[in-house]
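# Analysis of the macromolecular model
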Amino acid sequence: MMAVTSNHQRRETWRQFLIDAVALLSSSLDYDATLITLANLTVPEIADWCSIAMRHDDGSIHTLAVAHVDPAKVALAHDLQKRIPAASDDVRGVAQVIRSGTPDLTHEITDSMLVEAISDPEVLATMRQLGFCSAMIVPLKARGQTLGAITLVSAESAHLFDEDDLSLAQDLASRAALAIDNARLYQQAQKVAAEHTAVMERIADALVLVSSNEEITFMNEAARRFFGAQLVGQSVEQSGTQIQVRSWKDGAYDPDLFPSRRALRGEVVHDLEWKVLLPDGTDAYLLGSASPVDTEDGNRLGAVVAFRDVTSRKQAEDELHRLSAELEQRVIERTVQLESANQELEAFAYSVSHDLRAPLRSMDGFSQVLLERFGEQFDERGTRYLNHIRDAAQEMGRLIDALLQLSRVSRGEMRPERVDLSGLAHSIEANLHTADPDREVQFVIDHGMAAIGDAPLLHVALENLIGNAWKYTRNSPCARIELSVTRQDAIPVFMVRDNGAGFDMAYVDKLFTPFQRLHAAGEFEGTGIGLATVQRIIHRHGGRIWAESATGQGATFCFTLQPTRKSSA
Amino acid sequence: MIVDSGIILLVEDNPRDEELTLLALESSRIANPVAVARDGVEALDYLFGTGTYRGRDTADLPRLVLLDLKLPRIDGLEVLARLRADARTALLPVVILTSSDEESDLLRSYQLHVNSYIRKPVDFVQFNEVVGQLGLYWLVLNRTPGRR
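Residues numbered from 1 in each chain as written. Chains lettered and ligands numbered in written order. Predicted model: local features only at pLDDT ≥ 70, side-chain atom pairs only at ≥ 80, totals over all residues. Heavy atoms only, no water.

### Concerning the sheet that holds strand β2 (residues 34–37) of chain B
Residues and elements named next belong to chain B. Under the convention used in this document: Any two strands with at least two DSSP bridges between them are considered paired. Helix numbering and strand numbering both begin at the N terminus, where a helix is a DSSP run of H or I of at least 4 residues and a strand a DSSP run of E of at least 2. Axes here mean lines fitted to C-alpha atoms, for a helix over just the part in contact, with angles spanning 0 to 180 degrees between N-to-C directions.
Taken in spatial order, the 5 strands line up as β2-β1-β3-β4-β5 in an open sheet, and their pairing is parallel. The open sheet is flanked by β2 and β5 (116–119), the only strands paired with a single partner. Across the sheet, the axes of successive neighbouring strands diverge by a mean angle of 20°, strand direction being ignored. Relative to strand β4 (residues 94–98), strand β3 (residues 64–67) is paired through 3 bridges, and the arrangement is parallel. Counterpart to Val65 in the pairing with β4 is Val94.

### Section: the interface of chain B and chain A
Going by this rule: Note on contacts: a residue pair is in contact if any heavy atoms of the two residues lie within 4.5 Å. In this description, buried area is defined as the sum, over both parts, of the accessible area (probe of 1.4 Å) that is lost when the two are combined. By definition, a salt bridge exists where a carboxyl oxygen of Asp or Glu is found within 4 Å of a side-chain nitrogen of Lys or Arg. Contacts described as polar in this section are N or O atom pairs within 3.5 Å, which, within protein, must combine one atom able to donate a hydrogen with one able to accept it, while residues neighboring in sequence count only if both atoms come from side chains. Each residue receives one of three labels: charged for Asp, Glu, Lys and Arg, nonpolar for Ala, Val, Leu, Ile, Met, Phe, Trp, Tyr, Cys and Pro, and polar for the others, Gly being one of them.
Each side of the interface is counted separately: chain B has 24 residues, and chain A has 25 residues. If you sort the residues of chain B by the area they bury against chain A, Lys70, Glu102 and Val122 of chain B come out on top, with a joint share of 30%. Here Arg119 of chain B ties to Asp401 of chain A by a salt bridge, and the two come within 3.0 Å at their closest N and O atoms. The tally of links between chain B and chain A comes to 11 residue pairs in polar contact (both at pLDDT 80 or more). Counting only elements with at least two residues in the side of chain B that touches chain A, the list comes to α1 (15–27) and α5 (124–141) of chain B. For the side of chain B that touches chain A, the residue count by class is 8 nonpolar, 5 polar and 11 charged.

### Here's the deal with the domain arrangement of chain A
Test applied: What fixes the domain bounds is an automatic or database domain assignment.
Domain boundaries in chain A define domain 1 (7–187), domain 2 (203–309), domain 3 (316–388) and domain 4 (414–559). Between domain 2 of chain A and domain 3 of chain A, the C-alpha centre-to-centre distance is 70 Å.

### A closer look at the side chain of Asp45 of chain B
Residues and elements named next belong to chain B. Heads up, the rule is: Burial classes follow relative accessibility: with a 1.4 Å probe on protein chains only, a residue under 20% of its type's maximum area counts as buried, one over 50% as exposed, and anything between as partly exposed. Counted as positive: Lys and Arg. Counted as negative: Asp and Glu, with His and the chain ends omitted from the count.
Within the element layout of this structure, Asp45 appears in helix α2 (residues 40–48). An unpaired buried charge is present at Asp45: no salt bridge exists, and Arg73, the closest side chain of opposite charge, is 6.0 Å distant. When sequence neighbours within four positions are dropped, the list of residues in contact with Asp45 reads Thr50, Gly51, Thr52 and Tyr53.

### Quick look at the confidence of the model for chain B
Condition: Predictor confidence is given residue by residue as pLDDT, running from a minimum of 0 to a maximum of 100.
Residues at a pLDDT of 70 or more form 95% of chain B, whose mean pLDDT is 87. For chain B, the element scoring lowest by mean pLDDT is α5 of chain B, at 87; strand β1 (residues 8–11) of chain B scores highest, at 94.

### Re α5 of chain B
All names here are of chain B. Selection criterion: Multiplying 1.5 Å by the residue count of a helix minus one yields the expected span of that helix.
Taking 1.5 Å of rise per residue, the 18 residues of α5 would be expected to cover 26 Å, and the 24 Å separating its terminal C-alpha atoms lies within 8% of that figure. Those residues of α5 that sit buried are Phe124, Phe127, Asn128, Val130, Val131, Gly132, Leu134, Gly135, Trp138 and Leu139. The residue sitting at the N-terminus of α5 and contributing the capping side-chain oxygen is Asp123; that oxygen lies 2.9 Å from the backbone nitrogen of Val125.

Below is the structure:
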């Protein structure tokens, strides 16, 4: 029991107590346990009773510790507290101190105070029995916040607390509050750090933390798995050598360009392209991003580096590049082959043009000379045979010319321009009339027909088509040739229609094949190359050509000069 | 001083074509003398007085050159190029008489300032007509600088 002591003694007691309290408060971060110990340390030297209440985040108040040397009395106090629990809106006592943050000293508790404050007779009886005579409540304040309060009560000792006691109690409370606050901050920091670590660990990218002195301080799970955990604790340069960090571009090793080093210089870098040697001996392609890690007041703690493994993507890209390079090479080779084939074809056509015609000219020429100069030495049959030789030579000459034309329409360069098809048709019509003025053929040519195409080629095509119509209407009583245009699927379709001999649709497939003729040579002369030439010209323009006819019903040739759009239906 | 003997220089490697051309000239009543060169080298030797024609008077230029394109050793286009490059023959009337009507041959001949380009028809009747018109035009109607 604390006896009434002198002020000097009391101060000495407080001094000793505060030394012990400070030691206690700094000994542990478990502040609940520490506060309970503190409460127990208080009794009986400083007060007969000590109770510590804490304020929760929701504002409610919870008694953490009640101390008295006699456990039976502690139990009694707990029982009492259950009957009259402290409420946060109490106008006095613990709740008031916590709310206001100002201490409360009741130098002497009189019986009338108890009577005034306590309505329950049973509680009042207990209180009288406990014999409280003086009390002080001091707030636990840290960083402007009141965390709770310490209540010190004098009873058996009959010591009445004074201002000295109050100020010492406040000193105690502020030290305790500071300890609580530190412990809480530490716990919060621990929690945040644990959360951060958990997040970093689970991120799929490889995360590496580097300290300001370029030491690897942390690698997340992906990074450890990827690079090997042995790099933690090593310097960045050491690790860089070990896993052979090189740039994609030139394979150079330059630690000055490492994402971590650049981040430590204050840069934020994204997707730098690096490749490293993995523990399993394979190369991995990484995109490295990094940023500095600074404190709020601008101290550089280090850098965080994230690596994304893009090996499979890079390999796919490389493969794509390789394939396209290969394709390009193949195209070049094919082009060379094609060019050489073209040159051969040119040379062949040139040779045909020169060398094949010369013998024919001799055959025709000398036959003619024979007829002219030695005509009297031949009878009618001899003359006929010489004429056969001449006809044959001339026919072969025409065939060669037609073949040359066929090859020429495929070889020459196209020079697209706007071509007046109506005008072209009229000039062909005029030529035909001039060449064969005895024929009476009615032409019906639509006005304003035009197309984008190669003018010389389109001239050859129209000449063949109109020439055919001219030829096959030879036996028609009222020969008529029509040129018109309609639209199909928004594309112009040009038509050359005649009322001539026509052909059997059963052989329509053979119509455009070179040397295929649907009429006997004696009936209608021709090389069988004209329509093949026309078809090639149309195809070179991206168009289509087709024909409709029936024997004796005339023929219609239709063609387009541009690609048909794919039907959207 | 240009001596005009009225000679036609026929450059033709095919002896049958040569004979047909001569026949055609004959039937068109073109009486000018005809010199025949059987390849490009011979044609150039004739015109520049070199090789087998060393010593020939180069002032004695033919009235007309009928030049085939496809020739042994030096082809017709090369002959034409060399004639045009030499001041003595730059203005000499040269008519290409050939089987080819390849666009490239036509283009090249005109680039080399050929005076005319004729394709020999297979049909001898037509050939006769062509040669007759050729003779009439170049030997009778056409005027050339430096001649009276």
